[in-house]
Amino acid sequence: MKDNYDASAIQVLEGLEAVRKRPGMYIGTTDVKGLHHLVWEIVDNSIDEALAGFCNNIEIIINKDNSITVKDNGRGIPVGIHKKTGISTVETVYTVLHAGGKFGGGGYKVSGGLHGVGASVVNALSSWVVVRVYKDGKIYEAKFKDGGKTEKQLTVIGDCEENRTGTTVTFKPDSEIFDTDIYDYNTLRVRTRELAFLNKGLKLTLRDDRNDDNSTGETFHYEGGISEYVKYLNKNKTPIHDEIIHLTGEEDGVMFEVAMQYNSGYSDSIYSFVNNINTHDGGTHEEGVRRALTRVINNYAKKNNILKDKDESLTGDDVKEGLTMIISCKHPNPQFEGQTKGRLGNSEVRKLADNIFSNGFERFLLENPDEARIIIEKAMTASRARIAAKKARELTRRKSDLDVVNFGGKLADCKEKDPSICEIFIVEGDSAGGSAKVGRNSMTQAILPLRGKILNVEKARMDKALSNEEIRTIITAFGTGIGQEFDLSKLRYNKIIIMTDADVDGSHIRVLLLTLFYRFFRPIVEAGHVYAAQPPLFSIKHGKTTKYVLTEEEKEDYLSKLPESARKGCVINRMKGLGEMDADQLNETTMDINTRVLRKITVADAIEADAAFSKLMGEEVEPRREFIEANATYSNLDI
Ligand code: 1YM
């Protein structure tokens with residue numbers, strides 16, 4: 001027994017050593033994203049237990065030392081000796097790479113993640129792990145340290161109530177592996193809530209014990225599942241029918257469900273998931289639904305004479321205008337495809353999704369003729385607008401590089417043609433625009449001044465947006481086209497830099513531009529091409545030198561480092577706006593690639609960003625006013 005234990009322990013360490021050598025292969029990155037990934041690997045085991053029908057309560061706790069505890073009330077990881085390894089199953093699961101469900105036998109794993117190797121990967125990347133199992137009236141405990149070395153084999157450490165079962169795991173990520181060891185509450189919160197939406201009835205609690213406020217945490221629990229997700233996403237929009245349409249079905253062990261509701265807006269919010277993982281690039285499940293949606297609406301509209309013979313058929317784009325939809329598929333053997341594995345490839349799912357969706361949706365339309373009419377009329381309006389927009393778009397499309405493009409004289413383009421070194425500054429106001437044109441490096445820097453506020457595209461359809469001159473100029477300048485013709489490879493600038501004043505109006509203009517980019521040019525934002533310039537807040541002049549600083553703290557810091565004597569002679573000036581700077585100053589402080597500070601606009605979570613934009617720019621005035629007054633950063637969206 002002892003020899004056997006040692007022998008397998010050696011193999012085990014070799015396996016975990018491989019994880020430590022190449023963590024990226026298992027968890028993608030070792031930055032803050034990878035750090036959070038560890039939590040989901042452990043939570044996934046609890047979710048699998050919930051999907052198997054044995055667990056309905058999961059707690060996630062951020063401890064004071066940034067270790068994480070995950071608790072569930074499932075059956076508890078099996079505690080017996082494992083036939084193959086000769087050590088307890090708990091230790092096997094935590095120390096043997098590839099000790100997945102197959103060791104436990106029976107039941108397929110549908111939740112995302114590493115399919116059973118998650119626990120051992122987390123152990124390999126942690127400085128210590130404690131696993132407790134509650135089962136048969138006993139509390140079992142095993143401990144690991146230094147990347148998965150068994151510190152204490154599984155032993156009984158006490159008694160518990162006879163009927164209590166479950167697993168509790170605490171781990172501390174290894175600071176030698178990760179760039180940071182600090183957990184972000186909001187990142188964990190967004191995903192915890194999402195898991196609650198995607199797994200109806202499951203109760204998930206998140207608690208932060210790092211501050212001593214005795215908080216009991218937040219509990220996410222949705223009996224309506226993805227219907228409540230749709231309701232949440234439409235919260236700051238105006239639904240055009242009351243009921244959220246929720247369709248479910250199952251075929252050959254594949255569970256499939258869709259929830260949807262149309263709103264009065266013009267953009268769509270369609271998100272799909274497979275085994276709780278967001279399939280950003282869609283796939284067969286999404287294709288099945290989109291195909292069925294277009295077909296069912298056209299058939300119904302023609303049959304009921306709402307769409308006449310002379311009318312053009314409604315397209316996929318027409319029927320998704322203002323649609324908020326969540327598609328969730330749970331598949332025992334998903335094939336994820338594409339560079340980022342964000343696409344479902346299983347071809348049988350297309351038909352299955354089409355069948356389940358079309359049967360359910362057809363029935364909904366038949367049973368709800370008033371809603372059916374509202375939905376179809378919305379799609380028909382979209383169709384008319386699409387035809388008008390196509391005409392307008394032709395005017396803004398750059399046909400070839402030789403074409404002389406009419407920028408209305410506003411854009412001062414750069415001379416260089418290689419996009420990788422070109423940048424465009426979108427500048428608030430004509431006067432700052434004028435200084436920027438003089439102060440720029442005209443080889444690589446293009447300037448587009450904006451007069452006043454641009455149109456809020458959250459409240460305007462594409463045809464209206466395209467009739468707006470400012471937006472047309474932006475589209476033409478970018479070179480990518482929009483909508484179906486969008487092509488990222490045609491982007492004419494590597495950096496798109498928003499340059500607005502550091503005040504409330506500037507913040508509003510920045511949000512309007514980001515809304516435009518996010519709704520019409522999302523891949524540009526996602527690929528990290530969008531930046532915000534950071535004009536200085538103070539100039540500090542002493543003698544012949546002038547120092548510009550971005551924040552109050554920086555100012556204090558700079559002053560405190562000057563000798564007592566120099567500080568007295570300083571002239572501190574609060575910069576009022578871009579327009580106040582002359583061309584040289586603007587260049588030095590905000591544009592010169594050697595001295596400026598840019599802030600990259602990132603989208604941490606597309607669904608949260610979507611919700612944030614509808615909140616900020618939608619029908620409701622209050623959230624926008626609050627935002628602009630607070631002028632703060634918005635969660636999950638670095639504005
Ligand atoms: C806080 C983390 O790991 N819960 C958990 C894990 C397992 C089970 C129950 C479980 C699974 C099975 C049978 C089965 C795991 N068991 C295994 C293995 N929470 C957490 N809860 N009995 C209990 O899949 O058949 C791996 S994970 F392999 F040992 F069965």
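Here the structure is a predicted model, which means the values were calculated and not measured.

Each value, and the rule that gives it
- Residues numbered from 1 in each chain as written.
- Predicted model: local features only at pLDDT ≥ 70, side-chain atom pairs only at ≥ 80, totals over all residues.
- Heavy atoms only, no water.
- Pairing = 2+ DSSP bridges.
- Helix = DSSP H or I, 4+ residues; strand = E, 2+ residues; numbered from the N terminus.
- Axes fitted to C-alpha atoms, helices over the stretch in contact; angles between N-to-C directions.
- Contact = heavy atoms within 4.5 Å.
- Expected span 1.5 Å × (residues − 1).
- Buried < 20%, exposed > 50% of the residue type's maximum accessible area, 1.4 Å probe, protein only.
- pLDDT = per-residue confidence, 0-100.

Draft legend 1. Focus on the sheet that holds strand 18 (residues 495–499). With mixed pairing, five strands are arranged side by side in an open sheet as 17-16-18-19-23. The open sheet terminates on both sides in strands that have one partner only, identified here as strand 17 (445–450) and strand 23 (598–600). This sheet shows a mean twist of 25° between the axes of neighbouring strands, independent of strand direction. Bridge count between strand 18 and strand 19 (residues 530–533): three bridges; the pairing is parallel. Residue pairing in the sheet places Ile496 in a bridge with Val530 of strand 19. On top of the sheet, helix 13 (residues 430–439) reaches strand 16 (423–428), strand 17 and strand 18; it is set at about 165° to strand 17, its chief contact.

Draft legend 2. A look at helix 7 (residues 185–198). Its 14 residues give helix 7 an end-to-end C-alpha distance of 20 Å, which sits within 8% of 20 Å, the value for a rise of 1.5 Å per residue. Within helix 7, ten of the 14 residues are buried, which leaves the element mostly enclosed by the surrounding structure. Burial in helix 7 covers these residues: Leu188, Val190, Arg191, Thr192, Arg193, Glu194, Leu195, Ala196, Phe197 and Leu198.

Draft legend 3. Just the confidence of the model for the chain, in detail. On average, residues of the chain score 89 in pLDDT, and 90% of them are at 70 or above. Note that pLDDT drops below 50 for residues 100–108; the model gives that stretch nine contacts with residues more than four away or on any other chain. Segment residues 631–639: pLDDT under 50, and 29 contacts once partners within four positions in sequence are set aside and those in other chains are kept.

Draft legend 4. Structural detail: the sheet that holds strand 9 (residues 245–251). Spatially, five strands are ordered 9-10-13-11-12 in an open sheet, and the strand pairing comes out mixed. Two strands close off the open sheet at either side, each with one partner strand: strand 9 and strand 12 (277–278). This element, helix 21 (residues 606–617), spans strand 11 (269–274) and strand 12 of the sheet and lies at about 160° to strand 11.

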